[in-house]
Amino acid sequence: MSPKSKFIAIIAGVGPGTGASVARKFSQTYPVVLLARTPESFSSLAEEINKNGGKAIGIATDVSSASSISSALAGIKKEFGDDVAAAAAVFNASGAFMRKPFLEIPVETFEKSLGVSGMGGVLFSQTFLPLLLKGVEKGSEHPPSLIFTGATASVKSNAQMASFSTGKWALRALSQSLAREFGPQGVHVAHAIIDGVIDIPRTKEWLKDMPKEAKLSADAIANDYWWLHTQPKTNFTWEIDLRPAVERW
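First, a word on scope: everything that follows refers to the structure included in this document. On a predicted model such as this, the values are computed, not experimentally measured, just so you know. (Residues numbered from 1 in each chain as written. Predicted model: local features only at pLDDT ≥ 70, side-chain atom pairs only at ≥ 80, totals over all residues. Heavy atoms only, no water.)

Regarding the pairing of strand β7 (residues 239-242)
Okay, so step 1: The alternating pattern of β7 places I240 and L242 on a buried face, while none of E239 and D241, on the opposite face, is buried.
Okay, so step 2: Of the strand pairs in this sheet, strand β6 (residues 188-194) and β7 are connected by 4 bridges, and their pairing is parallel. By the bridge assignment, I194 is partnered in β7 with L242. (Buried < 20%, exposed > 50% of the residue type's maximum accessible area, 1.4 Å probe, protein only. Helix = DSSP H or I, 4+ residues; strand = E, 2+ residues; numbered from the N terminus. Pairing = 2+ DSSP bridges.)

A look at the pattern of salt bridges
Okay, so step 1: By the definition in use, this model includes 9 salt bridges.
Okay, so step 2: Measuring nitrogen to oxygen at the nearest pair gives 2.6 Å for the salt bridge that ties R24 to E48. On the criterion of sequence distance, the pair formed by R24 in helix α1 (residues 18-27) and E48 in helix α2 (residues 43-51) is long-range, its members being 24 residues apart.
Okay, so step 3: Classification of E48 as partly exposed rests on a relative accessible area of 28%.
Okay, so step 4: Notably, a salt bridge pairs R243 with D241, separated by 3.1 Å at the nearest N-O pair.
Okay, so step 5: What makes D241 partly exposed here is its relative accessible area of 38%. (Salt bridge = Lys/Arg side-chain N within 4 Å of Asp/Glu carboxyl O.)

Some thoughts on the sheet that holds strand β3 (residues 56-60)
Okay, so step 1: Read from one edge to the other, the open sheet built from 7 strands follows the order β3-β2-β1-β4-β5-β6-β7, with strand pairing classed as parallel. Looking at strand neighbours, the two that pair on one side only are β3 and β7, the edges of this open sheet. Each adjacent strand pair in this sheet contributes to an overall mean axis angle of 15°, direction not counted.
Okay, so step 2: Inspection of the sheet shows strand β1 (residues 8-12) paired to strand β4 (residues 86-91) by 5 bridges, in the parallel sense. (Axes fitted to C-alpha atoms, helices over the stretch in contact; angles between N-to-C directions.)

Some thoughts on the packing of α1 against α2
Okay, so step 1: Two numbers describe how α1 lies on α2: the axes approach to 11 Å, and their chain directions differ by 25°. On the basis of their axis angle, the class for α1 and α2 is roughly parallel. Taken as a pair, α1 and α2 cross one another with a handedness that is right-handed. Seen from α1, the contacting residues are A20, A23, R24 and S27; seen from α2, they are L45, E48 and I49.
Okay, so step 2: Of the residues belonging to the contact of α1 with α2, the class tally is 4 nonpolar, 1 polar and 2 charged. (Parallel < 35°, antiparallel > 145°, perpendicular 65-115°, else oblique. Left-handed = near helix turned anticlockwise from the far one by under 90°. Contact = heavy atoms within 4.5 Å. Nonpolar A, V, L, I, M, F, W, Y, C, P; charged D, E, K, R; others polar.)

A short note on the side chain of S21
Okay, so step 1: Positionally, S21 belongs in helix α1.
Okay, so step 2: Leave out the neighbours within four places in its chain, and S21 touches A218, D219 and A222.

In structure tokens, the structure reads:
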């Protein structure tokens, strides 16, 4: 059965893993908009959701580009109308993970990391917060939610992780500021620290000598995002730390 909600959910970064699982979870209630750089990243997922009775559209979007994300908004309004309101917006885009000595990292790598995680978060928020505020105005069932996917590098920058962590730290700072500004306006802003390896095909050989619980479940992460989304205004959680049970603390 197609979702009956008049509100939409927008997910940026829908590759295998967290983004795809979040899209599937939220599509059970809302029409979902899938944003990724290339159609190859969202086409099969959109087809799967639509075949299973949900509604999903994909829009090729570079979140680090103001013109690209503006075009995505135009595409959303073309599909759902100029008065469209959002129940949730999830920023799961991320710069490339790299472990390399600082003096060997090209400046362009830092620019890309900050462009996607830092500036991408800014552009995503400035573009879609008005739709979330419209969700407040129109009385969405749950407080409209803006959720950012962070990482271990959001709070702990290890050696040779400078290019990845600078972008993730910037995203965390942005989310904290937005939580304090837009929480009183009825929008729940949350930051999720994903501390560990996610169990997806690409990581199949990682930690293969460890028990299954050594990896995070993408579907379980999606369930946690849904829990954040359904929190009442009396209990907004700004930050959550997700890690496998066998992780060293």
